[in-house]
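Structural description and commentary
What follows is the residue order along each chain.
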Amino acid sequence: MFRSKTLDVLTCFHKPSVSASTRVVNLLKQASAQSQAHATEDQASDHTPQNTSVTRDPFELDITEAPPTPDQLKNIFEYLGSGKAAQLVKGAASESDALRKLKEDGDNFQRPVVVDWNQGKAVAGENESEILKLVREQPK
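Just so it is clear, the structure is predicted and the values come from calculations on it, not from any experiment.

Here we come to the packing of aromatic side chains. Applying the stated criterion across every chain yields a total of 2 aromatic pairs. Ring plane angle 75° and centroid distance 5.6 Å describe the contact between phenylalanine 13 and phenylalanine 109, whose orientation is recorded as edge-to-face. Of this pair, phenylalanine 13 sits in strand 1 (residues 8-13) while phenylalanine 109 is found in the loop between helix 4 (95-104) and strand 3 (113-116), placing the two residues 96 residues apart along the sequence. With centroids separated by 6.1 Å and ring planes inclined at 65°, the aromatic side chains of tyrosine 79 and tryptophan 117 adopt a geometry described as edge-to-face. Taken together, the residues tyrosine 79 in helix 2 (residues 70-80) and tryptophan 117 in the loop between strand 3 and strand 4 (121-124) connect sequence positions 38 residues apart. The class of tryptophan 117 is partly exposed, set by a relative accessible area of 21%.

This paragraph deals with the sheet that holds strand 3. Within the open sheet, the 4 strands sit side by side as 2-1-3-4. Their pairing is mixed. Edge positions in the open sheet fall to strand 2 (59-64) and strand 4, since each of these has one partner strand only. Recorded for the sheet is a direction-independent mean angle of 15° between the axes of neighbouring strands. Most of the contacts of helix 2 go to strand 4, to which it runs at about 90°, and overall it touches strand 1, strand 3 and strand 4.

Another point: the nonpolar core. Formed by 16 residues in total, the largest nonpolar core has its most connected members in Leu73, Ile76, Leu88, Val89, Phe109 and Val113. Secondary-structure elements contributing two or more residues to this core are helix 2, helix 3 (85-88), helix 4, strand 3 and strand 4. Considering each element in turn, this core owes the most residues, 4 residues, to helix 2. Setting aside anything within four residues of it in sequence, one finds isoleucine 76 in contact with Phe13, Pro68, Leu88, Val113, Val115, Trp117 and Ala122. Core analysis: the second largest hydrophobic core is formed by 14 residues, Val24, Val123, Ile131 and Leu134 among them.

Where helix 2 meets helix 4, the closest approach of the two axes is 11 Å, and the angle between their N-to-C directions is 150°. With respect to the hand of their crossing, helix 2 and helix 4 are arranged in right-handed fashion. The residues of helix 4 that touch helix 2, namely those facing Pro70, Leu73, Lys74 and Phe77, are Glu95, Ala98, Leu99 and Leu102. Taken together, the residues of the contact of helix 2 with helix 4 sort by class into 6 nonpolar, no polar and 2 charged.

Okay, the pattern of salt bridges next. With the rule as written, the count across this model stands at 4 salt bridges. Close ionic contact of arginine 100 with aspartate 97 constitutes a salt bridge, the shortest N to O distance being 2.5 Å. Placement of both arginine 100 and aspartate 97 in helix 4 is noted, with a separation of 3 residues, approximately one turn of the helix. Accessibility expressed as a relative area gives 41% for arginine 100, which makes it partly exposed.

What follows deals with the side chain of glutamine 119. If you trace the backbone, glutamine 119 turns up in the loop between strand 3 and strand 4. Side chain to side chain, glutamine 119 and aspartate 116 meet in a polar contact 2.7 Å long. Looking at glutamine 119, its side chain comes within polar contact range of the main-chain oxygen of glutamate 137, at 3.3 Å.

So, how was this worked out
Residues numbered from 1 in each chain as written. Predicted model: local features only at pLDDT ≥ 70, side-chain atom pairs only at ≥ 80, totals over all residues. Heavy atoms only, no water. Phe/Tyr/Trp six-rings, centres within 6.5 Å; stacked < 30°, edge-to-face > 60°. Helix = DSSP H or I, 4+ residues; strand = E, 2+ residues; numbered from the N terminus. Buried < 20%, exposed > 50% of the residue type's maximum accessible area, 1.4 Å probe, protein only. Pairing = 2+ DSSP bridges. Axes fitted to C-alpha atoms, helices over the stretch in contact; angles between N-to-C directions. Contact = heavy atoms within 4.5 Å. Core = buried A, V, L, I, M, F, W, Y, C linked by side-chain atoms within 4.5 Å. Left-handed = near helix turned anticlockwise from the far one by under 90°. Nonpolar A, V, L, I, M, F, W, Y, C, P; charged D, E, K, R; others polar. Salt bridge = Lys/Arg side-chain N within 4 Å of Asp/Glu carboxyl O. Polar contact = N/O pair within 3.5 Å; in protein donor to acceptor, adjacent residues only side chain to side chain.

What follows is the structure in structure tokens.
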């Protein structure tokens, strides 16, 4: 029996009313569609010249308007590095403060945030070059 590899999951924490978040979602949808299209090409042919912009295998794109769970937020802090609490949660002075504020009100979570759970990496905000780097990087 064949075993199929499960797809890596990229999550975008999204808020439709935030224009930056909408731009990031559109960027991710394009990147996901592009990775899917290249995965179905005839493998017997050489498509090297047109594949130079995509190096990643297809991935599952999860777009959610819900805030992260406390465990997810802890992972995101770990992926981004220390000192990012205020970047992720409005008015947070520390990671523990961010967890408390998120529990009080999920709208305190700043979107967009893109997370590659399999690689343990995240990008907060709409830095297109960082998001594309995250999307195109082949998992090790």
